[in-house]
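# Structural overview for review
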Amino acid sequence: MMKIFKSRGWYKFSKNPLSVIGLLIVSIIVLMSIFANYLTPFPEHAGPFVDIPNKIKPPSSTYFFGTDKIGRDTFSRIIFGYRTSLYLGVIVLCIAVPIGTSLGLIAGYFGGKIDAIIMRITDIFLSIPPLVLALSIMAFLKPTLTNAMIAVSMMWWPWYTRLIYNLTRSLKNEGFVISSKIVGASHFHIIFREILPNCSASLITKITLDMGFVILIGSSLSFLGLGVQPPTPDLGTMVSQGSKYLPDIWWLSVFPGLAILVIVLGFNLLGDGLKDLFDVEI
Amino acid sequence: MLIGVSILIFIIARIIPGDPARMALGPTATQEMVEQYRDKLHLNDPIHVQYWFFIKGITQGDLGESVYTKRNVTTDVSTYFPATLELIIFAALIMVCVGVPLGILAGRYKDKSIDNISRLISLLGVVTPSFVWAVFLMIIFAFYLDILPVAGRLSQDTVAPDKITGLIIIDSIIRGQFDVTIDALKHIILPALALSLSALGQASRLTRSNITEVYDKQYIEMARAYGYNEFKIATKYALKPAMIPTLTILGLDFAAMLGNAFLVEFVFAWPGIAKYGVQAILYKDLNAITATTMIIATFFVITNLIVDLVVAYLNPKIRLSGK
Amino acid sequence: MTLLSIRNLEVQFKHYEGVTKALKKISLDIKEGEKVALVGESGSGKSVTARMILGLLSNSNIKKNGEIFFENIDLLKESSSQIKQIRGNEISMIFQDPVSSLNPYFTVKKQMLQALENHTKDYDKNTIEKYFVNLLKDVKIEDPERVLNSYAFQLSGGMAQRVMISMALINNPKLILADEPTTALDVTVQKNVLSIMKDVISQKKMSMLLISHNLGVVREFADKIYVIYQGRILEEGSTEKIFNSPGHIYTQTLLQAIPKINSSKLPSLDSENLDYLSQPKFTH
């Protein structure tokens with residue numbers, strides 16, 4: 001662990017304070033949501049908890065961000081909301097990245113007809129505004145977290161196909177790929193041992209940046225009531241429900257809104273830092 | 001491209017489990033009614049026949065009837081789309097008029113304080129969902145400062161001008177009802193601002209990076225060596241090469257606003273296509289959903305086409321190679 | 001009459017790792033109508049010199065000292081608006097890569113017109129195209145009308161560099177700086193462009209500072225040569241003297257490095273092993 005902090009990469013990364021702030025935000029949020037049960041003041045408020053005497057309390061030292069209509073602590077619910085967001089982000093990328101990457105590798109490496117078919121389909125997916133595509137998929141599914149993940153993954157893989165496709169096409173003509181072709185390496189070897197490792201810097205950077213944007217889209221879906229359903233705590237749902245009580249109970253929408261901003265910002269700063277560090281174009 | 005989009009939407013609409021007829025009619029409907037309805041929607045025909053009806057409908061401008069409004073969805077779309085169009089045009093104006101100059105300044109004065117401020121604004125724009133902006137703007141301007149209205153396109157006692165284009169601001173100007181124009185402007189500012197902020201951030205980031213790239217080019221040094229003044233370089237000589245690639249992305253951003261319009265219209269009760277779309281989704285209104293998605297995709301594709309044509313016209317390399 | 005006189009020019013770049021001295025007190029003179037060459041390897045500070053004359057390197061991270069007199073005014077002390085009046089007007093510059101020196105989104109005509117308009121608004125619109133055509137003919141361009149309406153990417157390297165030369169002539173400057181004007185061109189057109197440039201400049205009696213790493217190029221072209229190495233002038237003298245009796249070891253090594261038809265191998269220019277700076281400056 002200490003080795004990382006002594007490395008040249010860390011030195012370069014830490015030169016930019018914004019990247020370090022991004023890393024801090026992300027690590028704090030990840031840690032807090034993993035240990036939400038121990039770190040939040042009212043972990044039981046994450047579920048269908050009711051505490052009528054303490055309803056609609058403004059922010060105070062007990063309830064940092066106030067309480068909602070049925071007395072639940074907004075702060076605790078935000079931390080659990082982060083857990084939902086991160087869960088969604090991780091699952092979506094776990095589905096979208098392998099699909100998108102392998103299609104991009106195949107299309108870019110083999111070219112020809114298969115390239116044309118894959119990239120046409122990718123273009124069609126990319127020609128619908130992302131949120132609209134997710135919405136039209138959600139339209140036919142029950143609004144649940146799982147379905148929201150499916151919908152967002154469906155709209156996300158084409159971006160990876162295009163990124164990896166472009167990288168593969170240029171790597172294909174690099175000396176090290178050609179030379180391993182000459183010594184008779186298999187397609188499998190060339191794709192996974194020669195090309196893919198050289199895409200990893202771009203991939204890691206894009207995944208980091210996308211983590212934030214997936215969370216943003218996920219919260220947008222649940223804001224419209226098409227994603228995570230109550231009582232599961234979710235930041236988008238909280239903003240949506242809280243906005244009904246504006247302006248009097250402002251804390252119900254403002255704090256979850258800020259919470260989304262902070263996590264997306266964190267991943268964005270971190271991703272930008274990685275982009276500079278690896279010197280890649282996304 | 002549009003054919004591809006239509007197939008995609010069609011497939012999504014058909015492969016996903018659940019019986020749209022049953023969904024539309026609700027649990028109280030008899031099996032007979034459901035069957036009748038399925039016939040009406042051509043749901044009992046083989047899949048390619050269904051697609052044929054679907055395409056025939058699109059080309060004839062007839063996308064069937066909305067289950068929810070009981071009107072032809074084409075009529076619905078033409079009622080609601082102008083409101084959205086007005087909103088995104090206004091938002092796009094803000095995006096271009098603020099985002100691009102911000103990006104130019106940042107790129108020109110790279111690493112100076114103006115660059116940092118501009119980058120901070122862009123970053124906040126990009127990382128904040130537009131519905132959060134909508135809520136924040138509403139709290140500040142509509143509730144706290146109380147200077148702008150909360151919802152709708154017009155105040156309740158204001159009558160919309162007779163329809164010409166469907167864009168209230170333009171219609172009221174044509175008809176000379178300037179009080180209506182002002183009322184409409186007041187209503188559009190907040191939703192348009194909320195909608196434009198994330199696109200604005202992207203626009204200014206992109207402009208910045210293209211401007212910086214151009215400023216490293218030899219021909220800028222050449223221009224300086226020939227006594228061009230910096231203003232002329234910034235507004236013309238460097239701007240044109242930097243803006244041509246930016247334009248393509250601006251077109252994409254403009255079209256992508258349609259997606260975010262769903263969120264903003266929801267908050268500001270803006271009677272546009274996105275709000276109609278959300279309603280359609282909540283009521284499982286198959287034809288309305290298809291129509292909404294189709295019109296948005298069409299708009300998206302057409303915008304990109306126009307942008308491509310403009311870019312091809314502006315870029316001599318493309319223009320001349322085409323001949 | 002001395003047209004340009006650089007006196008003890010010192011330039012330092014401040015950057016993260018510290019300070020790099022790009023120029024260490026160099027002095028250089030160009031007389032009216034004289035063609036002077038500044039020769040050195042890459043990184044020796046020769047391009048920096050040219051850019052300092054036009055004030056193209058103005059940045060808070062650059063520290064400069066000394067004087068650059070152009071017709072008795074010190075360019076280093078002039079205001080930026082005054083410098084702008086001189087740029088492209090009294091002193092113009094030809095760059096290394098002609099195709100990327102032309103803006104890809106404007107026609108040659110538009111850029112020539114702009115170069116003119118930067119300094120005078122007072123010209124006859126009807127005859128101006130004729131003037132450009134003649135300038136292009138001066139640099140041996142066969143179809144000037146087509147070239148005027150072309151974009152940079154439609155021109156070959158040699159053609160683009162000839163356009164750049166005529167662009168440099170537009171305002172009848174007294175001095176032209178040429179930074180490796182033929183390096184980016186194909187070997188076959190290098191000589192051609194060089195002789196065109198030489199002819200047109202001699203004909204118009206302009207002065208020139210040619211910056212090059214190639215002594216072969218310089219021999220054909222210059223009246224006088226300065227040899228620069230690591231920001232220091234090591235030798236100066238007339239072309240004839242430098243080629244016939246080079247005084248400094250570095251110049252001698254450079255001369256040996258010019259490939260000759262009858263020699264079978266190139267001598268190595270191993271700058272790490274020889275301390276060229278230990279020998280004092282040699283002036284003929």
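Since we're looking at a predicted model, the values are computed, not measured.

Here is what the cut-offs are and how they apply
- Residues numbered from 1 in each chain as written.
- Chains lettered and ligands numbered in written order.
- Predicted model: local features only at pLDDT ≥ 70, side-chain atom pairs only at ≥ 80, totals over all residues.
- Heavy atoms only, no water.
- Helix = DSSP H or I, 4+ residues; strand = E, 2+ residues; numbered from the N terminus.
- Buried < 20%, exposed > 50% of the residue type's maximum accessible area, 1.4 Å probe, protein only.
- Contact = heavy atoms within 4.5 Å.
- Areas by Shrake-Rupley, 256 points an atom, 1.4 Å probe, with all protein chains shown as cover.
- Pairing = 2+ DSSP bridges.
- Axes fitted to C-alpha atoms, helices over the stretch in contact; angles between N-to-C directions.
- Phe/Tyr/Trp six-rings, centres within 6.5 Å; stacked < 30°, edge-to-face > 60°.
- Lys NZ or Arg CZ within 6 Å of the ring centre and 35° of its normal.
- Patch = residues over 30% accessible without salt bridge, like charges linked within 9 Å, V, L, I, M, F, W, Y side chains within 5 Å.
- Salt bridge = Lys/Arg side-chain N within 4 Å of Asp/Glu carboxyl O.
- Buried area = accessible area lost by both parts, 1.4 Å probe.
- 1 Å grid on protein atoms, 1.4 Å probe; cavity = no way out; pocket = protein on both sides within 12 Å on 5 of 7 lines; lining within 4 Å.
- Points joined across faces, edges and corners; volume = space filled by probe spheres on them.
- pLDDT = per-residue confidence, 0-100.
- Lys, Arg positive; Asp, Glu negative; His and termini not counted.
- Charge placed at Lys NZ, Arg CZ, Asp CG, Glu CD.
- Polar contact = N/O pair within 3.5 Å; in protein donor to acceptor, adjacent residues only side chain to side chain.
- Parallel < 35°, antiparallel > 145°, perpendicular 65-115°, else oblique.
- Left-handed = near helix turned anticlockwise from the far one by under 90°.
- Nonpolar A, V, L, I, M, F, W, Y, C, P; charged D, E, K, R; others polar.

### So, the overall build of chain B
If you tally the helices and strands in chain B, you get 15 helices and zero strands. Put simply, chain B has 323 residues, and 52% of those count as buried. Sequence separation of at least 24 residues holds for 68% of the intrachain contacts in chain B that already meet a minimum separation of 6. Surface summary for chain B: the accessible area is close to 14,500 Å², and the carbon and sulfur share equals 65%.

### As for the sheet that holds strand 1 (residues 2-15) of chain C
Hydrogen bonds between backbone atoms are what pair the strands of a sheet, whose relative direction is either parallel or antiparallel. All names here are of chain C. The sheet built from four strands is open, its strands ordered 2-1-4-5 with antiparallel pairing. In this open sheet, the two edge strands, each paired with only one partner strand, are strand 2 (18-31) and strand 5 (73-74). Pairing geometry for strand 1 and strand 4 (residues 62-70), over eight bridges, is antiparallel. Bridge assignment links S5 to a residue of strand 4, and that residue is F69. Across the sheet, helix 1 (residues 46-53) touches strand 1, strand 2 and strand 4, and the angle it forms with strand 1 is around 110°.

### Examining the packing of aromatic side chains
Under the criterion given, the structure shown has 16 aromatic pairs over all chains. For the pair Y80 of chain B and Y276 of chain B, a centre-to-centre distance of 5.0 Å together with 20° between the ring planes defines the contact as stacked. One end of the pair, Y80 of chain B, is in helix 5 (residues 73-108); the other, Y276 of chain B, is in helix 13 (residues 273-282), and 196 residues separate them in sequence. Of the residues examined, Y276 of chain B reaches a relative accessible area of 4% and is grouped as buried. Grouping aromatic residues by their ring pairs yields a cluster made of Y219, Y228 and Y237 of chain B together with F106 of chain C. Of note, K206 of chain A hangs over the ring of Y160 of chain A, and the distance from its end group to the ring centre comes to 5.5 Å. The ring of Y109 of chain B is capped by R108 of chain B, whose NZ or CZ atom sits 5.2 Å from the centre of that ring.

### As for a nonpolar patch on the surface
Residue and element names in this part refer to chain A. Taken together, the side chains of L31, I34, F35, Y38 and L39 define a hydrophobic patch exposed on the protein surface, amounting to about 560 Å² of accessible area. Breaking the nonpolar patch down by element, the ones donating at least two residues are helix 3 (17-34) and helix 4 (36-39). For F35, a relative accessible area of 40% translates into the label partly exposed.

### Topic: the interface of chain B and chain C
Each partner contributes residues to the interface: chain B has 23 residues there, and chain C has 30 residues. Roughly 2,400 Å² of surface becomes buried between chain B and chain C when both sides are summed, with 62% attributable to carbon and sulfur atoms. Applying the counting rule to chain B against chain C returns one salt bridge. Residues E221 of chain B and R51 of chain C are paired through a salt bridge, measuring 2.5 Å at the closest nitrogen-oxygen approach.

### Some words on the environment of L305 of chain B
Residue and element names in this part refer to chain B. Take L305: it is sitting in helix 14 (residues 286-314). Accessibility expressed as a relative area gives 52% for L305, which makes it exposed. Taking the C-alpha atoms as reference, L305 lies 9.8 Å from T248; in sequence the two are 57 residues apart.

### Digging into the sheet that holds strand 7 (residues 175-179) of chain C
Residue and element names in this part refer to chain C. Taking strand neighbours across the sheet as the criterion, the seven strands line up as 6-7-8-3-9-10-11 in an open arrangement whose pairing is mixed. Whereas interior strands pair on both sides, the edge strands pair on one side only; in this sheet they are strand 6 (91-94) and strand 11 (282-283). In this sheet, strand 7 lies alongside strand 6 in parallel orientation, the contact comprising four bridges. In the sheet register, M93 faces strand 7, and the bridge partner there is L177.

### Overview of the layout of surface pockets
In this structure, the second largest pocket encloses a volume near 1,200 Å³. Going through the elements one at a time, helix 5, helix 9 (178-215) and helix 10 (218-225) of chain B together with helix 1, strand 4 and helix 2 (80-86) of chain C are the ones with two or more residues in the lining of the second largest pocket.

### Comments concerning the confidence of the model for chain A
Predicted coordinates in areas of low pLDDT are best not read in detail. Per-residue pLDDT for chain A has a mean of 83; in total, 98% of the residues score no lower than 70. Here helix 1 (residues 2-6) of chain A stands out as the least confident element of chain A, with mean pLDDT 64; helix 5 (residues 74-110) of chain A is the most confident, with 90.

### Quick word on a negative patch on the surface
Taken together, D276, D279 and E281 of chain A together with E213 and D216 of chain B make up a surface patch of like negative charges. Within the secondary structure layout, D279 of chain A lies in the segment after helix 12 (251-278).

### Some words on the pattern of salt bridges
Taken as a whole and assessed by the stated rule, the structure comprises 20 salt bridges over all chains. When the shortest N-O distance is used, the salt bridge between D272 of chain A and R205 of chain B registers 3.2 Å. Of the two residues, D272 of chain A is situated in helix 12 and R205 of chain B in helix 9; the pairing between them involves two chains. Residue R205 of chain B is classed as partly exposed on the basis of its relative accessible area, which comes to 29%.

### As for the interface of chain B and chain A
Interface size, as often reported, equals the accessible area lost upon joining of the parts. The partner chain A presents 42 residues to the 42 residues of chain B that form the contact. Looking only at chain B, the three residues that lose the most surface to chain A are L8, V127 and F131 of chain B, adding up to 15% of its buried area. Applying the counting rule to chain B against chain A returns one salt bridge. Inspection of the region where chain B meets chain A yields two residue pairs in polar contact (both at pLDDT 80 or more).

### Let's talk about unusual backbone geometry
All names here are of chain C. The backbone of E71 sits at a positive phi, close to 50°, despite the residue not being glycine. Residue position: E71 is located in the loop between strand 4 and strand 5. Classification of E71 as partly exposed rests on a relative accessible area of 31%. Despite not being glycine, K205 shows a phi value in the positive range, around 55°. Here K205 is to be found in the loop between helix 8 (187-203) and strand 8 (207-212).

### Digging into the packing of helix 9 of chain B against helix 12 (residues 239-268) of chain B
Helix packing geometry: the angle between the two helix axes and the distance between the axes. Residue and element names in this part refer to chain B. At a closest axis distance of 8 Å, the pairing of helix 9 and helix 12 adopts a crossing angle of 160°. As summarised for this structure, helix 9 and helix 12 are arranged roughly antiparallel, according to the angle between their axes. Where helix 9 crosses over helix 12, the handedness of that crossing is right-handed. Considered class by class, the residues forming the contact of helix 9 with helix 12 number 20 nonpolar, seven polar and one charged.

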